[in-house]
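Coordinate analysis (summary)
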Amino acid sequence: MAFVICLGRKAIELVGIDKNVVRSYHNYAFRQPEDLSSEENFKSLLEELKDAHPELKDEAVYLLLHAGCGLQYKVFTVTQDSLMVSGSATTAEQQAEALLDACIQRIPSGLTGTFVPAVFSDYLQETDYVVSCAYLYESMLNNITAAFSAAELNLFDVAPFSFGIFKSLDTEKFAQVIIDLPEEMLFVNNIGVIGWTKPELFSKSLANSFLIGEAHRHYGIDNSVVETTILSPGSFERYVYDGFVNKSDSNSFAVYAAFGLINGGSIRKEGGMKDAVNRLRQLFNKGKEE
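Description of the structure in this document. These numbers were taken from a predicted model, which means no experiment stands behind them.

Definitions and limits used
Residues numbered from 1 in each chain as written. Predicted model: local features only at pLDDT ≥ 70, side-chain atom pairs only at ≥ 80, totals over all residues. Heavy atoms only, no water. Buried < 20%, exposed > 50% of the residue type's maximum accessible area, 1.4 Å probe, protein only. Helix = DSSP H or I, 4+ residues; strand = E, 2+ residues; numbered from the N terminus. Pairing = 2+ DSSP bridges. Axes fitted to C-alpha atoms, helices over the stretch in contact; angles between N-to-C directions. Contact = heavy atoms within 4.5 Å. Parallel < 35°, antiparallel > 145°, perpendicular 65-115°, else oblique. Nonpolar A, V, L, I, M, F, W, Y, C, P; charged D, E, K, R; others polar. Expected span 1.5 Å × (residues − 1). Arc of directions from axis to C-beta. Salt bridge = Lys/Arg side-chain N within 4 Å of Asp/Glu carboxyl O.

**So, the pairing of strand β1 (residues 2–7)**
- A large share of β1 lies buried, amounting to six of its six residues.
- Residue alternation in β1 divides its side chains into two sets, Ala2, Val4 and Cys6 and Phe3, Ile5 and Leu7, and both sets are buried.
- Pairing of β1 with strand β2 (residues 11–18) involves six bridges; the strand directions are antiparallel. Paired with Leu7 across the bridge in β2 is Ile12.
- Taken together, β1 and the strand that follows it, β2, pair antiparallel across an intervening segment of three residues.
- Two elements, β1 and strand β4 (residues 60–65), share six bridges in a ladder whose sense is parallel. Considered in β4, the bridge of Leu7 is made with Leu65.

Written out as structure tokens, the structure reads:
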């Protein structure tokens with residue numbers, strides 16, 4: 001059994017999952033995502049969860065962060081040649097590191113501070129990779145890992161909530177979809193993924209048009225001949241990979257995100273570069289070792 005904590009602006013969801021079977025689901029009010037900027041505040045929150053669920057201390061725990069916790073998204077292109085740092089002798093690890101550096105050099109405009117990038121997907125189009133990336137404040141990641149350590153919980157991974165959702169989807173079951181998540185919107189097709197953080201006020205129809213336009217701009221898709229389906233929790237399950245089992249009696253997006261995160265290693269997403277997805281995990285593990 002593993003537990004996945006999903007953190008957002010207003011709620012904290014706890015999902016218990018055993019491989020592909022979601023066993024339990026709980027929803028609690030979350031004070032403020034600003035608590036993540038304080039190690040002590042976040043440790044206090046974890047202690048409350050541990051008091052309510054003593055089994056947490058004996059199991060693997062994963063953390064998924066909604067966009068309201070400081071995540072920002074970006075899609076950009078980078079030339080294939082720029083990632084071949086040693087020419088034809090470039091290893092997969094060197095190529096992935098070069099991609100990580102490219103993400104750091106392309107932090108969304110207006111953001112200040114040090115960020116950790118998480119690569120969702122990379123797709124090779126002729127001579128360029130189209131890269132989809134999320135960014136998290138490094139200081140926030142450090143506070144999270146320190147708080148878990150102080151609370152004596154076994155933190156196995158930290159990732160964007162939308163990454164878990166993306167990894168749960170079987171792209172053979174649809175042309176392209178837009179998922180209206182609580183704090184972000186996600187465009188997914190068999191080429192890649194585009195994320196968008198919701199502001200306080202926005203138009204859903206304009207947001208949908210924006211994401212479809214971004215797919216055309218980055219992937220060259222003729223959206224007039226490709227059907228785009230808008231997914232809600234009630235219509236989501238039919239597009240998830242076969243094998244998903246939900247015994248929690250909840251239809252929250254969190255149960256699908258937990259399934260995608262835990263089973264993501266066995267789900268192969270088509271793209272360009274091997275082993276480039278989710279570079280956040282690499283930095284997370286490095287921080288634990290230090």
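Next comes the rest of the write-up.
**Here's the deal with the sheet that holds strand β9 (residues 176–180)**
- On the basis of which strands lie adjacent, the open sheet formed by four strands has the order β11-β10-β9-β12 and mixed pairing. Every interior strand has two partners, whereas the edge strands, β11 (193–197) and β12 (228–231), have only one. For this sheet the average axis-to-axis angle between neighbouring strands, irrespective of direction, equals 15 degrees.
- Running at roughly 30 degrees to strand β10 (residues 184–189), helix α5 (residues 161–168) makes contact with β10 and β11 of the sheet.
- Where helix α6 (residues 204–219) meets the sheet, it contacts β9, β10, β11 and β12, and its direction lies at approximately 145 degrees from that of β11.

**Comments concerning unusual backbone geometry**
- Despite not being glycine, Lys19 has its phi angle at roughly 55 degrees, a positive value.
- You can see Lys19 is positioned in the loop between β2 and β3 (21–29).
- The phi angle at Glu126 is positive, at roughly 55 degrees, despite the residue not being glycine.
- Within the secondary structure layout, Glu126 lies in the loop between β6 (115–125) and β7 (128–137).

**Topic: the sheet that holds β4**
- Taken in spatial order, the six strands line up as β8-β4-β1-β2-β3-β13 in an open sheet, and their pairing is mixed. Here the strands that pair on one side only, and so sit at the sheet edges, are β8 (154–160) and β13 (245–246).
- Taken strand by strand, helix α1 (residues 39–52) contacts β1, β2, β3 and β4, and its axis lies near 135 degrees from that of β1.
- Where helix α4 (residues 138–150) meets the sheet, it contacts β1, β4 and β8, and its direction lies at approximately 155 degrees from that of β8.

**What to know about the environment of Ala29**
- Secondary-structure assignment places Ala29 in strand β3.
- On the basis of relative accessibility, which here comes to 75%, the residue Ala29 falls in the exposed class.
- The spacing of Ala29 and Glu13 is 16 residues in sequence and 8.7 Å in space, taken between C-alpha atoms.

**Here's the deal with the packing of α5 against helix α8 (residues 253–263)**
- Relative orientation of the contacting elements α5 and α8 amounts to 75 degrees, with a least axis distance of 7 Å. It follows that α5 is roughly perpendicular to α8 by the angle criterion. Contacts from Phe161, Phe163, Gly164, Ile165, Lys167 and Ser168 in α5 reach Phe253, Ala254, Tyr256, Ala257, Phe259, Gly260 and Leu261 in α8.
- Taken together, the residues that form the contact of α5 with α8 break down as nine nonpolar, three polar and one charged.

**Considering α4**
- For α4, spanning 13 residues, the distance from its first C-alpha to its last is 18 Å, which sits close to the expected 18 Å at 1.5 Å a residue.
- Every buried residue of α4 is listed here: Met140, Leu141, Asn143, Ile144, Ala147 and Phe148. Within α4, the buried residues cover an arc of 160 degrees as seen down the axis, which keeps them to one side.

**Some thoughts on the pattern of salt bridges**
- Throughout the structure, instances matching the rule amount to seven salt bridges.
- Across the pair Asp180 and Lys204 runs a salt bridge, and its minimum N-O distance is 2.7 Å. Of this pair, Asp180 sits in strand β9 while Lys204 sits in helix α6; the two residues are 24 residues apart in sequence, bridging distant segments of the chain.
- The salt bridge involving Arg217 is made with Glu214; its shortest N-O contact spans 3.0 Å. In this pair, Arg217 and Glu214 are both assigned in helix α6, three residues apart and thus about one turn of the helix distant.
- Classification of Arg217 by relative accessible area gives exposed; the value is 57%.
- Overall, the relative accessible area of 13% leaves Glu214 in the buried class.
- When salt bridges that share partners are traced, they join Lys43, Glu47 and Lys50 into one network.

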